[in-house]
Amino acid sequence: MIKTTASVLFKYAGLIGALVYLIAMNLLNQLPLDVGDGIVHYSIAKVSWSQPAFFLDHWGKPLFTLLSSGFAQISFKWHIGFNILVFTLTCLVTFRLFKHLSIAKAYYFFFPLLLICIPDYVNCLLAGMTETLFGLLLVTAVLLAFLQRWTLFALVVSLAPFARSEGMLVVIAALFLLAIVSQWKSIPFLLTGFIIYGIIGWGLIGSFWWYFENNPYPEKSIYGSGPWFHYLDTWKNHFGLISMCLLPIGLFGSLVAFKRKLIPNFGWIFLFGMGIWLGIIVIHSIFWAYGMRGSAGLTRIATLGLPVAMVFILIGCHFVTKELNTIPHLVGGIFITALFVKEIRELPYPLHANAFEEILLQSAEYIGEKYPNKTVYYYHPLIAWRLNVGIKDYPSLLNQSCFNNNPESIDQLPVGTIVVRDPQFGPVEHGLNQETMDALENKLIRVKTFKATKPYEVYTGEPVEVVIYRIAPRITKQNIR
């Protein structure tokens, strides 16, 4: 009895420890981890109950918005709590898979800790990003494939495009997998998500084909382009040191499992899961290299298939380590545990404001104090977050807007309107580049400038300062007289 209890405790100790860490960091973080998309996802989920069309917002990811919206109604911290729940379910689904494949209990302990040692993955968790839900769907699909529950597999896969646009790759890969294992009757169920969301779109916005018609990603990226090997150069961010150490062992063990036919359909399911993980990285490498589809070279994109990659790496490791005796197990366990401690301690949490975020918060507080009843045009989401306003809340005195580098759009604003320009979003998303600002020199009054007091750089290369402007009185012939 004591031995059984100890075994169960060890099996779940990694998950419990990971959850304690994530919950503590969520409570202690002083501001959002991602002050761009993270706040956008929260705001879309929050406003969806009053404006249901946002349930179909591509940027917010429809399935993520639907499932997280209840949490978002409570608070931003609860919204992050939804992602912690997703992480928990990802681990439990993986445990069910390990049980089905008779994987050693040590890997139950390792899996949750392995995930939170990867900087980009834990950042997505604590920032309220959508990558984690996609990872859960993919792990669930792999479990159902091993269980040979092919219709349920197809149903889960059909939802992937509504968790992330990369889900289209999952649907295509699933189509091939179902064909290879001769599960023809399950193939039509890959359309389930499209049919359900098509009907919803028809009812909410009058379009059955909204998924394809409302793609928000422009063919040419506004963020420019970068090197082909960007995701290889940044492997430690999105794959992690420990994962890299385990990768060759996991691949060798997976090859052994395939050669010895230890698991039915292992080779095809391995190619399905690992192929999606690598496929997403390759596709986004192309997008970033050629500046396509709104790509910004974000390394967190590579974590979309990460949980499944970790699953197969650990399965492979199991088929290697089960051939070893006690001493190698003990030495390896101590070494990996020491690496866990090292990697988790190096994570930058709890989070405190950096030099740029400090001046954003200061500018928001200044606006709240000096112009509580003025209409404000801004872009950086941290401004709205600090003033406790959802960026998608309408009507509101705060308006996240893009001026499209058109000086005439400023002319249409009432005299006295406040414009807040920051160096990160100002010249691109806000549509106020330097040329536009020069053209508006006599139409904007600089009210206040907040400059960073510590070294910091933004990708635009502009000075790190937030400037608050007020629309100047119009110059007319009567004024001149």
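It should be emphasised that the depicted structure is a prediction, and the values quoted were computed from it without experimental measurement.

(A) How the structure looks around the overall build of the protein chain. Scanning the protein chain from terminus to terminus reveals 22 helices and 5 strands. On C-alpha atoms alone, the protein chain measures out to a radius of gyration of 25 Å, which is about the 23 Å that the 2.2 N^0.38 rule sets for 481 residues. Projecting the C-alpha coordinates of the protein chain onto the three principal axes gives extents of approximately 95 × 50 × 40 Å. If you take every contact in the protein chain between residues at least 6 apart in sequence, the share linking residues at least 24 apart comes to 75%. If you sum the accessible surface of the protein chain, you get close to 22,500 Å²; carbon and sulfur atoms cover 63% of it. Considering the protein chain, the positive charge centre built from 35 side chains and the negative charge centre built from 27 side chains are found 10 Å apart.

(B) Spotlight on the nonpolar core. In this structure, Phe87, Ile116, Phe153, Met310, Phe312 and Ile315 are the most contacted members of the largest nonpolar core, which totals 142 residues. When neighbours within four sequence positions are excluded, Ile116 is seen to be in contact with Ala18, Tyr21, Leu22, Phe87, Val122, Leu125, Ile344 and Leu347. Counting 12 residues, the second-largest nonpolar core is a separate cluster that includes Phe403, Val419, Val467 and Ile471.

(C) Expanded view of the sheet that holds strand β3 (residues 418-421). Here we have 5 strands laid out as an open sheet, ordered β2-β1-β3-β5-β4, and mixed in their pairing. What marks the edges here is a single partner per strand, and that holds for β2 (398-400) and β4 (444-451). Going from strand to strand, the sheet's axes swing by 20 degrees on average, the running direction of each strand aside. Where helix α18 (residues 355-370) meets the sheet, its contacts fall on β1 (376-378), β3, β4 and β5 (465-471), and the angle it forms with β5 comes to roughly 25 degrees.

(D) Focus on the packing of helix α8 (residues 150-159) against helix α9 (residues 167-180). Across the interface, α8 lies against α9 with an axial gap of 10 Å and an inter-helix angle of 165 degrees. Considered as vectors, α8 and α9 are oriented roughly antiparallel to each other. For the pair α8 and α9, the sense of crossing is left-handed. In contact with Trp150, Phe153, Ala154 and Val157 of α8, α9 contributes Val170, Val171, Ala174, Leu177 and Leu178. For the contact of α8 with α9, a count of residues per class yields 9 nonpolar, no polar and no charged.

(E) Representation of a nonpolar patch on the surface within the structure. Residues Leu191, Ile195, Ile199, Trp202, Phe208, Trp209 and Phe212 make up a contiguous nonpolar surface patch of about 790 Å² in total accessible area. Here the nonpolar patch takes 3 residues from helix α10 (residues 192-205), the largest share from any one element. Structurally, Phe212 is set in helix α11 (residues 210-213). The class for Phe212 is partly exposed, based on a relative accessible area of 49%.

(F) Examining helix α15 (residues 266-290) more closely. Taking 1.5 Å per residue as the helical rise, α15 with its 25 residues ought to reach 36 Å, and the 35 Å between its terminal C-alpha atoms agrees with that figure. Of all bends in α15, the biggest is about 30 degrees, found at Gly275. Once α15 ends, the next one or two residues include Gly291, with phi positive near 65 degrees.

(G) Representation of the environment of Ser295 within the structure. Of note, Ser295 is situated in the loop between α15 and α16 (306-321). A sequence separation of 70 residues divides Ser295 from Ser225, and the C-alpha atoms of the two residues are 7.8 Å apart.

(H) Focus on the packing of aromatic side chains. Applying the stated criterion across every chain yields a total of 35 aromatic pairs. For the ring pair Phe64 and Phe82, a centre distance of 5.6 Å and an interplane angle of 75 degrees mean the geometry is edge-to-face. With Phe64 in helix α3 (residues 62-72) and Phe82 in helix α4 (residues 76-101), the pair connects residues that are 18 residues apart, well separated along the chain. Residue classification places Phe64 among the buried positions, given a relative accessible area of 0%. Grouping aromatic residues by their ring pairs yields a cluster made of Phe162, Phe194, Tyr197, Phe208, Trp209, Trp210, Tyr211 and Phe212. Between the NZ or CZ atom of Lys61 and the centre of the ring of Trp59, over which it lies, the distance is 5.9 Å. For the cation-ring pair, Lys448 lies above Phe450, with the distance from its terminal atom to the ring centre recorded as 5.7 Å.

(I) Region of interest: the confidence of the model for the protein chain. Of all residues in the protein chain, 96% have pLDDT values of 70 or greater, and the mean over the chain is 89. In the model, residues 477-481 has pLDDT below 50 throughout and makes 2 contacts with residues more than four positions away in sequence or in other chains.

(J) Looking closely at unusual backbone geometry. The step from Tyr349 to Pro350 runs through a cis peptide bond, and the omega angle for that step is 0 degrees. Looking at the element boundaries, Pro350 is found in the loop between α17 (326-345) and α18. With phi around 60 degrees, Ser102 is a residue other than glycine that occupies positive phi space. Position of Ser102 among the secondary structure elements: in the loop between α4 and α5 (106-116). Among the residues examined, Ser102 registers a relative accessible area of 56% and is labelled exposed. Phi angles above zero are rare outside glycine, and Ser182 is one such case at about 60 degrees. You can see Ser182 is positioned in the loop between α9 and α10.

Each value, and the rule that gives it
Residues numbered from 1 in each chain as written. Predicted model: local features only at pLDDT ≥ 70, side-chain atom pairs only at ≥ 80, totals over all residues. Heavy atoms only, no water. Helix = DSSP H or I, 4+ residues; strand = E, 2+ residues; numbered from the N terminus. Rg over C-alpha atoms; globule rule 2.2 N^0.38 Å. Contact = heavy atoms within 4.5 Å. Areas by Shrake-Rupley, 256 points an atom, 1.4 Å probe, with all protein chains shown as cover. Lys, Arg positive; Asp, Glu negative; His and termini not counted. Charge placed at Lys NZ, Arg CZ, Asp CG, Glu CD. Core = buried A, V, L, I, M, F, W, Y, C linked by side-chain atoms within 4.5 Å. Buried < 20%, exposed > 50% of the residue type's maximum accessible area, 1.4 Å probe, protein only. Pairing = 2+ DSSP bridges. Axes fitted to C-alpha atoms, helices over the stretch in contact; angles between N-to-C directions. Parallel < 35°, antiparallel > 145°, perpendicular 65-115°, else oblique. Left-handed = near helix turned anticlockwise from the far one by under 90°. Nonpolar A, V, L, I, M, F, W, Y, C, P; charged D, E, K, R; others polar. Patch = residues over 30% accessible without salt bridge, like charges linked within 9 Å, V, L, I, M, F, W, Y side chains within 5 Å. Salt bridge = Lys/Arg side-chain N within 4 Å of Asp/Glu carboxyl O. Expected span 1.5 Å × (residues − 1). Bend = angle between axes of the 7 residues up to and from the residue. Phe/Tyr/Trp six-rings, centres within 6.5 Å; stacked < 30°, edge-to-face > 60°. Lys NZ or Arg CZ within 6 Å of the ring centre and 35° of its normal. pLDDT = per-residue confidence, 0-100.

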